[in-house]
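Working through the structure, step by step
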Amino acid sequence: MLKFLGWLFAAGFMIALGLTGASLYIMWDVSKDLPDYKQLAAYEPPVMTRLHASDGSLLAEYAEQRRLFVPIDSIPLKLKEAYLAAEDKTFYQHAGLDWRGIFAAVIRYVQVKATGKGQIVGASTITQQVAKNFLLTNEQTLTRKLKEAMLVQRMEAAFTKDQIFELYLNEIFLGLNSYGVAAAALNYFGKSLDELSLDEMAYMAALPKGPNNYHPFRHEKRAIERRNWVLEQMYDNGNISRQEMLDAQAKPLKVNPRPFGAQMFAAESFAEEVRRDLVNIFGKEQLAKGGYSVRSTLDPKLQIMARQALARGLISFDRERGWRGPVKHVELTPGDWAPFMGTMKVAADLTPWQLAIVLDVQKEQATIGLQPGLADNGKPSDERTTATIPLELMKWAEKYVDGSKRGKAVTDASQVLAIGDIVYVAPSQNPQQFHLMQMPEVEGAMVAMDPHTGRVLAMVGGFSYGTSQFNRATQAMRQPGSSFKPIVYAAALDNGYTPASVVLDAPVEFRMSDGKIWRPKNYTGKFYGPSTLRRGIEQSRNAMTVRLAADLGMTRIADLAQRLGIYDRMPQHLANSLGSAETTLLRMTTAYSMFDNGGRKIEPTLIDRIQDRRGKTIWRHDKRDCSGCSVDTFSADLPDPDPLDNREQVMSPYTAYQITSMLEGVVERGTGQKLKAVMKPVAGKTGTSNDERDAWFVGYTPNLAVGAYIGFDNPKPMGKKRTGGELAAPIVADFMKQALEGKAAAPFHVPRAIELIPINAVNGKRGIFGQQNVILEAFKPGDEPPNTSRTIGEDGVAKQTASGEGVVLVPPNQPAQGGGGADPGLTPQGGGLY
């Protein structure tokens, strides 16, 4: 027996030794491929980038995973207790593996397999979930489980419990593309963590087991049951009282999913332009993961004003062209219209417009069926709401003929609508009556910026971003027409000319490099003889502008246009002095801003600064040197620091003021008189391209520069007399009146040493202030009006431009011929400009 026992002991020892050796080998073999858990100490989870307006309000978010990282100390205690109750109640007691939980899970597994009833439960601790989510895969294998067990032991030794819990709460996926508790609180409830109620915290703690299983809409009953179970566990753990549990369990599950992307009405095109800029800086992947905080230049109030002003202008012009018909026409039985209308989509940024179907038409009104709202399940409801469009609110809808002509006056609703027509409508003051609306066929854009810094305060890229994402403020290449003329005159003022210099406004011919002849003409078809530069720009004279360009030389004009950023490389054709070379609205508005700020170079920007996830500023637009701005040197007793302005001077500040004064004359006496309605100092210039294809106005006050244009996306004539002064100027005036309401009417800054001399604005000679046509004209230091003036162009001398274009000046004594004809085929990009 002793020998047998000895043999048995030896055999057992050898087996135990073998098992130990095998276990050690397995552990050694598994540990060879273990990931480095120490990387968790430097782990930076992918965090969404957030874009804010200048007032701090959220504008947009960019992310692959919607996550906001929150330190453990900033997470409410009750929320942490909810997750511990649901996932790992002994987290702060065990060493990574919950052996009691594992044993209970094994017993439960045997019971389920034996009886076929019940549900298998897991025993993974929070530490195990962190190891799996961060370092391992989800494969269900013994090797993965062994790696997980070894990792959690090492993690528990290397990190504190709070560090592990912080990683878990910020990494866990909770549905609705939400990663981490902070993002989930925003996406499910639109709240920050400290605003969550107890029942909301419990629901969030119910989600880690399977967000889709407890979806608040698809599986609402199951979601409430799981939430209530979490509340019971919190009560059992002593985290809440029984009454708190019962009160929270009695509440319905109210979830309000937050939209992703642009968050501010009317700012979609601005947000998309910022996104493109950020992609250029960081790349698409880093933008979605870097967790940057981006402070934009957007002024939300000005943005809404700009959107409204542009929309009103486009709608007004489109209505002048006539009614083009319904969105579509359908044949439906009376009971089918509500479900059908519920399937039709309307761009969100068209609110409060909606689609409606015409149900009945009488002489004085049309009865319409409105789009039904959404039911609680997110699907169109069966609600049937009707209203009317009275004849008075559709009288504008005379039939479209050709854009200039319209059909007969509307005296009967049947002239406009028929049963089955689907149309856009907008509410009136009477809730039972609606306006008939029409999507404008013509498009446009508007930009408002700070002329001293280049900060873009508002940008509208079109009538509706929801129907067209093309940003016409930055992407549309258009002919600026006469809005380019101030650059010609500024180049002249920078090269020895004065506002009182006289240029002959008479017929002129240009022999092009191909031998053809171009004869520019004024918009009126008439010529007005010798005129001052001021008079020429105020009345937007074409012939004298081209004469001036020929005398000055296109090289100087192109150089200034390039320094102002209008073009990267401007073709030196004389026709380009009339704005035939294409550019963008943003570039033109930026150029005018430099007239406004005294000739300082600015770069347009939609971004003020960018901070990384830790709050460190890594990029800012303002590059001025400000040694006195340091926090270390700040004192309330010291004067405000004055940053060193080292920006390039692209033109003389005297020239900038002279051209500003001349552009004030455009508003006071010239083509921009619609801006007089602003009742404040405004300088600006209209522009209309050949055949009225583009209508522009770019202008500014001492602290605000604004540009707008109107035109079809595929350029075509808008109709006779559809000029910048008639179409674009009223839009800018509408915006400026709102933007400047309640602000003092500050005059433009006059540089020191500028001399204001009484000049006859018609002939450029000295005058006596108070006499007819006499104004105070601005002269640079040392300049003064000559006693006798030379008229540019009266000598009839032929010239050769840099581009090889010959200039034949018609002698002054030759009678005007109505300007001849402008041959569109002889000028760059298809035409001379008005």
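Described below are features of the structure shown in this document. (Residues numbered from 1 in each chain as written. Predicted model: local features only at pLDDT ≥ 70, side-chain atom pairs only at ≥ 80, totals over all residues. Heavy atoms only, no water.)

**Things to note about the sheet that holds strand S5 (residues 293-296)**
- Read across the open sheet, the 5 strands follow the order S2-S1-S5-S18-S19; overall the sheet is mixed. This sheet does not close on itself; its edge strands, each paired only once, are strand S2 (58-62) and strand S19 (617-620). Taken over all neighbouring pairs, the strand axes of this sheet differ in orientation by 15° on average, direction set aside.
- By the bridge criterion, 3 bridges tie strand S1 (residues 49-52) to S5 in an arrangement that is parallel. From the neighbouring strand, Arg50 faces S5, where its bridge partner is Ser293. (Pairing = 2+ DSSP bridges. Helix = DSSP H or I, 4+ residues; strand = E, 2+ residues; numbered from the N terminus. Axes fitted to C-alpha atoms, helices over the stretch in contact; angles between N-to-C directions.)

**Quick word on the pairing of strand S20 (residues 683-688)**
- Across the 6 residues of S20, 6 count as buried, placing the element largely inside the fold.
- Neither face of S20 is exposed, since Ala683, Lys685 and Gly687 on one face and Gly684, Thr686 and Thr688 on the opposite face are all buried.
- As paired strands, S20 and strand S21 (residues 695-701) are joined by 6 bridges and run antiparallel to one another. Pairing of Gly687 across the sheet is with Trp696, part of S21.
- In textbook terms, the turn of a hairpin is the stretch between consecutive antiparallel strands, and for S20 and S21 this stretch comprises 6 residues, one of which, Asp691, has a positive phi near 65°. (Buried < 20%, exposed > 50% of the residue type's maximum accessible area, 1.4 Å probe, protein only.)

**Observations concerning the nonpolar core**
- Counting residues in hydrophobic clusters, the biggest one holds 83 residues, and the most contacted among them are Ile557, Leu564 and Phe595.
- Discounting chain neighbours no more than four positions away, the residues touching Leu564 are Ile487, Ala591, Met594, Phe595, Lys601, Val650 and Met651.
- Counting residues in hydrophobic clusters, the runner-up holds 54 residues, among them Ala63, Ala182, Tyr188 and Leu231. (Core = buried A, V, L, I, M, F, W, Y, C linked by side-chain atoms within 4.5 Å. Contact = heavy atoms within 4.5 Å.)

**Considering the side chain of Thr388**
- Secondary-structure assignment places Thr388 in strand S9 (residues 386-390).
- Those residues within four positions of Thr388 in sequence are excluded, and the remaining contacts are Gln365, Ala366, Thr367, Ile368, Gln432, Gln433 and Phe434.

**Description of helix H8 (residues 198-205)**
- Within H8, 8 of the 8 residues are buried, leaving the element largely enclosed by the surrounding structure.
- Contacts from the buried residues of H8 go to helix H2 (77-87), helix H7 (181-189), helix H9 (220-236) and helix H10 (242-249).

**Some points on the packing of H8 against H9**
- In the contact formed by H8 and H9, the axes pass within 8 Å of each other and the chain directions differ by 105°. Between H8 and H9, the crossing angle belongs to the class labelled roughly perpendicular. Counting all contacts with H8, which are made through Leu198, Asp199, Ala202, Tyr203 and Ala205, the residues of H9 involved are Ala223, Arg227, Val230, Leu231 and Met234.
- In terms of residue class, the contact of H8 with H9 is made up of 8 nonpolar, no polar and 2 charged. (Parallel < 35°, antiparallel > 145°, perpendicular 65-115°, else oblique. Nonpolar A, V, L, I, M, F, W, Y, C, P; charged D, E, K, R; others polar.)

**Here's the deal with unusual backbone geometry**
- The omega torsion across Thr351 and Pro352 is 15°, close enough to zero to call that bond cis.
- By the element assignment, Pro352 lies in the loop between helix H14 (337-342) and strand S7 (354-361).
- Positive phi outside glycine occurs at Leu176, with the angle close to 50°.
- Position of Leu176 among the secondary structure elements: in the loop between helix H6 (161-171) and strand S4 (178-179).

**With respect to the packing of aromatic side chains**
- Throughout the structure, instances matching the rule amount to 19 aromatic pairs.
- Here the aromatic rings of Tyr700 and Phe748 are separated by 5.6 Å at their centres, their planes lie at 85°, and the arrangement is edge-to-face. Of this pair, Tyr700 sits in strand S21 while Phe748 sits in the loop between helix H21 (728-739) and strand S23 (755-760), and the two are 48 residues apart along the sequence. Across the pair, exposure class does not vary: Tyr700 and Phe748 are buried alike.
- One cation-aromatic arrangement involves Lys161 over Phe91; the distance from NZ or CZ to the ring centre is 4.4 Å.
- Taking NZ or CZ as reference, Lys716 lies 4.7 Å from the ring centre of Phe712, over its face. (Phe/Tyr/Trp six-rings, centres within 6.5 Å; stacked < 30°, edge-to-face > 60°. Lys NZ or Arg CZ within 6 Å of the ring centre and 35° of its normal.)

**Concerning a nonpolar patch on the surface**
- Together, Met1, Leu2, Phe4, Leu5, Trp7 and Leu8 make up a nonpolar patch on the protein surface, roughly 760 Å² of accessible area in all.
- When you line up the elements, Leu8 lands in helix H1 (residues 2-31). (Patch = residues over 30% accessible without salt bridge, like charges linked within 9 Å, V, L, I, M, F, W, Y side chains within 5 Å. Areas by Shrake-Rupley, 256 points an atom, 1.4 Å probe, with all protein chains shown as cover. Salt bridge = Lys/Arg side-chain N within 4 Å of Asp/Glu carboxyl O.)

**Brief notes about the environment of Ala266**
- Considering the arrangement of structural elements, one finds Ala266 in the loop between H10 and helix H11 (268-282).
- With residues near it in sequence (within four places) discarded, Ala266 still touches Gln303 and Arg307.

**What to know about the pattern of salt bridges**
- By the definition in use, this model includes 30 salt bridges.
- A salt bridge links Glu61 to Arg50; its shortest N-O distance comes to 3.2 Å. Of this pair, Glu61 sits in strand S2 while Arg50 sits in strand S1, and the two are 11 residues apart along the sequence. As far as the burial class goes, Glu61 and Arg50 line up, both buried.
- Across the pair Glu273 and Arg276 runs a salt bridge, and its minimum N-O distance is 2.6 Å.

**Points about the packing of H9 against H10**
- Interaxial distance between H9 and H10 falls to 9 Å at its minimum, and their mutual angle equals 175°. Here H9 is positioned roughly antiparallel relative to H10, judged by the angle of their axes. Judged by residue contacts, Arg227, Asn228, Leu231, Glu232 and Tyr235 of H9 engage Arg242, Met245, Ala248 and Gln249 from H10.
- Across the contact of H9 with H10, the residue classes break down as 4 nonpolar, 2 polar and 3 charged.

**Observations concerning the sheet that holds strand S17 (residues 529-532)**
- The 3 strands are arranged S17-S14-S25 in an open sheet whose pairing can be described as mixed. Of all strands in the sheet, those with a lone pairing partner are S17 and strand S25 (791-792), marking the two edges.
- Bridge count for strand S14 (residues 502-505) against S17 is 4 bridges, and the pairing is antiparallel. Within S17, the position partnered with Leu504 by the bridge is Pro530.
- Helix-sheet contacts for helix H17 (residues 542-552) involve S14, S17 and S25, and the interaxial angle to S14 is about 125°.

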